[in-house]
Amino acid sequence: MTLHGARERRVRTGGVELCVAELGDPARPTVVLVHGYPDSKEVWSEVAGRLAERFHVVLYDVRGHGGSTAPRPLRGGFTLEKLTDDFLAVVDAVSPDRPVHLVGHDWGSVQGWEFTTAGRTEGRIASFTSMSGPSLDHFGHWIKERVSRPTPRGVGQLLGQGARSWYVYLLHTPVLPELAWRGPLGRRWPKVLRRLEKVPTGDYPTPSLPTDAAHGAWLYRDNIRPRLRRPRADAYAHAPVQLVVPLGDAFLSERLYDGLESWAPRLVRRALPAKHWVPRTRPDLLAAWITEFATATEGGRPTPGDGRPATEGGRPTTEDGRPTTGVRGPYAERFGGQLVLVTGAGSGIGRATALAFAGAGARVVAVDRDPESAARTAELSRDAGAPEAWAETADVSDEQAMERLAAKVAVEYGVVDVLVNNAGVGLSGSFLDTTVEDWRKVLDVNLWGVIHGCRLFGKQMAERGQGGHIVNTASAAAYLPSKALPAYSTSKAAVLMLSECLRAELAGRGIGVSAICPGFVNTSITSTARFAGVDAEETEEEERRRKKTARLYGLRNYPPEKVAEAVLRAVARNEAVVPVTAEARGGRFLSRFAPGVVRALARAEPPS
């Protein structure tokens, strides 16, 4: 596989010749991408292409990999000290006058931690983004702390990581790893990545894989045992660090990074629901995070989520000086940089949800049938901390409009990570007073709007193969029958059941589905609700009922922001059904354990 448009050069250092590729304008800030095991620089091709629009991007094959030559002898030729020599030779060649932004994956990250904590590299690294690879020094101290002061939790963490590290023991055996990689394992590795890691098919990995993997075994043999036995006591990061943690990593536990702030004071944590090979499976999100982190560092602004004060009065601001909450909320690690689409985002729960995700650093697509309301939500989302936010106009009940929206979003913004089907309308009135047209309007928006969103965006998530989450706004009315809300309750009950069915179907694809069931929430839906049985001429009567309903909801005064908090929590915890408000939770309990009480309440006359 070739890096399209790349310029190649050779850099000689320490008895080896490194193959270096460059993309983008050399006058721009330099980002250096370091690959892991058993990869070559081409593992970064998708990320590099995206970064080249904003940066001077440099990739090199680690010694003994890809187009770089191997040391002779192999034993002792892959120590972290020699790998640091290689890194310095590369950055001196490609960016002699400016520090570089370093990015590492797997063993590239292990190396990156060495580069970022070694005294002789200070001043040459502007920032470091680490993914799926710990510092061996930090790892050594992590082990010693749990061995010297054992606790049940600590012992469990040691045993858990020990089980995940099974391959490390095998790589220390003589000859066998080389025979496996040059034989059956090397031939089957692409299929293994596709099956277990959901890596997209194509011309990755490269034909050099068997040799790269055989040589790379010495990365483990030359470094693991010496560093874990005698970890450095001064392994402190001298540059801002962005830690990306794939939550589904089969090889590294999240607990490995506990206490990392003591080694990297300027630390930003990111988490994403993905497996180990994120440079191949989530290049869009990684490129967005790397760009945001490097740009903030270049501009001298606080890096996202680092907790340092920003500009006047310590209030965080955007690049053009507008106040912002930044990405310092409790879910910044989980949602920062992810793409979230919210329908019905022009007001109420939809707008509050969009702003909550924006406050966690997500990129937001605000969809509403009112273009001005959607644009306002997008603007507020940028103020709230979203690195990017866009407004889109669509009627969720219009199948063709939703198809156009889904196609546009995929092309211009990417595949959605979180979909919030929130758009809805209210209708009150008895069943016998509800016309066919009334039913059609309610079901078109409340049910078909959700179906369109799940079908179109859920399909994109499934085809990407890297999971995601769908949130459908139902209602406590979904499980609380009422003689006053037959059409509305039916539509929301259908949404609830659809959510449960989809949750079962999509679980195997790593896609979560949550149904949010609010009770009485103070939003504008009360001012736009319709009342069955009221003739068109009886506008005063309908307006009177709207005002009365709005007054009741206002007295309850449960803000939409609390529903938004429940939405983020539901996605983070992958919750199935989430009643919001005390009456919603109480009604859910009664519907399950005292249905007779619920049926009796349903017969009560609503206030007129």
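To keep things clear, this report deals only with the structure shown in the data block. Please read all numbers here as calculations on a predicted model, not as lab measurements.

**Side note on the environment of Ala287**
Here is step 1 of the chain: Mapped onto the elements, Ala287 comes out in helix H11 (residues 283-298).
Here is step 2 of the chain: Placed 236 residues apart in sequence, Ala287 and Leu51 show a C-alpha to C-alpha distance of 6.0 Å.
Here is step 3 of the chain: Excluding residues within four positions of it along the chain, Ala287 makes contact with Arg50 and Leu51.

**A few points about the nonpolar core**
Here is step 1 of the chain: Judged by nonpolar contacts, the single largest core of 86 residues is most densely connected at Tyr60 and Phe87.
Here is step 2 of the chain: Sort the elements by how many residues they give to this core and helix H2 (residues 80-94) lands first, with eight residues.
Here is step 3 of the chain: The contacts of Phe87, once residues within four sequence positions are left out, are Val32, Tyr60, Val100, Leu102, Phe115 and Ile125.
Here is step 4 of the chain: Membership of the second largest hydrophobic core comes to 39 residues, among which are Val416, Cys454, Leu496 and Ala515.

**Brief notes about the side chain of Lys492**
Here is step 1 of the chain: Mapping Lys492 onto the fold places it in helix H17 (residues 486-506).
Here is step 2 of the chain: Although buried, Lys492 forms no salt bridge, and the nearest oppositely charged side chain, Asp368, lies 13 Å from it.
Here is step 3 of the chain: Setting aside residues no more than four positions away along its own chain, Lys492 makes contact with Asn446, Thr473, Ala474, Ser475 and Ala478.

**What about the environment of Ala6?**
Here is step 1 of the chain: The residue Ala6 is located in the segment before strand S1 (7-13) in this model.
Here is step 2 of the chain: Among the residues examined, Ala6 registers a relative accessible area of 28% and is labelled partly exposed.
Here is step 3 of the chain: Remark: the alpha-carbon pair of Ala6 and Leu23, spanning 17 residues in sequence, is separated by 5.1 Å.
Here is step 4 of the chain: Every residue in contact with Ala6, bar those within four places of it in the chain, is listed here: Ala21, Glu22 and Leu23.

**Focus on a positive patch on the surface**
Here is step 1 of the chain: On the surface, Arg187, Arg188, Lys191, Arg194 and Arg195 cluster together to form a positively charged patch.
Here is step 2 of the chain: By relative accessible area, which is 51% here, Lys191 ends up exposed.

**What to know about H17**
Here is step 1 of the chain: If you check H17, its first and last C-alpha atoms are 30 Å apart, about what 21 residues at 1.5 Å a residue would give, namely 30 Å.
Here is step 2 of the chain: Among the residues making up H17, those that are buried are Pro486, Ala487, Tyr488, Ser489, Ser491, Lys492, Val495, Leu496, Ser499, Leu502 and Leu506.
Here is step 3 of the chain: Where H17 is buried, its residues meet strand S13 (427-428), helix H16 (436-464), strand S14 (468-473), strand S15 (511-518), strand S17 (577-580) and helix H21 (582-593).

**A short note on the packing of H2 against helix H3 (residues 107-117)**
Here is step 1 of the chain: With their axes 10 Å apart at the nearest point, H2 and H3 run at an angle of 85° to one another. As summarised for this structure, H2 and H3 are arranged roughly perpendicular, according to the angle between their axes. Judged by residue contacts, Leu80, Leu83, Thr84 and Phe87 of H2 engage Trp107, Gln111, Glu114 and Phe115 from H3.
Here is step 2 of the chain: Class assignment of the residues belonging to the contact of H2 with H3 gives a composition of five nonpolar, two polar and one charged.

**Notes on the pairing of strand S12 (residues 418-421)**
Here is step 1 of the chain: Residues Val418 and Val420 line one face of S12 and the alternating positions Leu419 and Asn421 line the opposite face, and both faces are buried.
Here is step 2 of the chain: Summarising the sheet, strand S9 (residues 339-343) and S12 pair through three bridges and their orientation is parallel. For Val342, the partnering residue across the bridge sits in S12 and is Val420.

Parameters at a glance
- Residues numbered from 1 in each chain as written.
- Predicted model: local features only at pLDDT ≥ 70, side-chain atom pairs only at ≥ 80, totals over all residues.
- Heavy atoms only, no water.
- Helix = DSSP H or I, 4+ residues; strand = E, 2+ residues; numbered from the N terminus.
- Contact = heavy atoms within 4.5 Å.
- Core = buried A, V, L, I, M, F, W, Y, C linked by side-chain atoms within 4.5 Å.
- Buried < 20%, exposed > 50% of the residue type's maximum accessible area, 1.4 Å probe, protein only.
- Lys, Arg positive; Asp, Glu negative; His and termini not counted.
- Salt bridge = Lys/Arg side-chain N within 4 Å of Asp/Glu carboxyl O.
- Patch = residues over 30% accessible without salt bridge, like charges linked within 9 Å, V, L, I, M, F, W, Y side chains within 5 Å.
- Areas by Shrake-Rupley, 256 points an atom, 1.4 Å probe, with all protein chains shown as cover.
- Charge placed at Lys NZ, Arg CZ, Asp CG, Glu CD.
- Expected span 1.5 Å × (residues − 1).
- Axes fitted to C-alpha atoms, helices over the stretch in contact; angles between N-to-C directions.
- Parallel < 35°, antiparallel > 145°, perpendicular 65-115°, else oblique.
- Nonpolar A, V, L, I, M, F, W, Y, C, P; charged D, E, K, R; others polar.
- Pairing = 2+ DSSP bridges.

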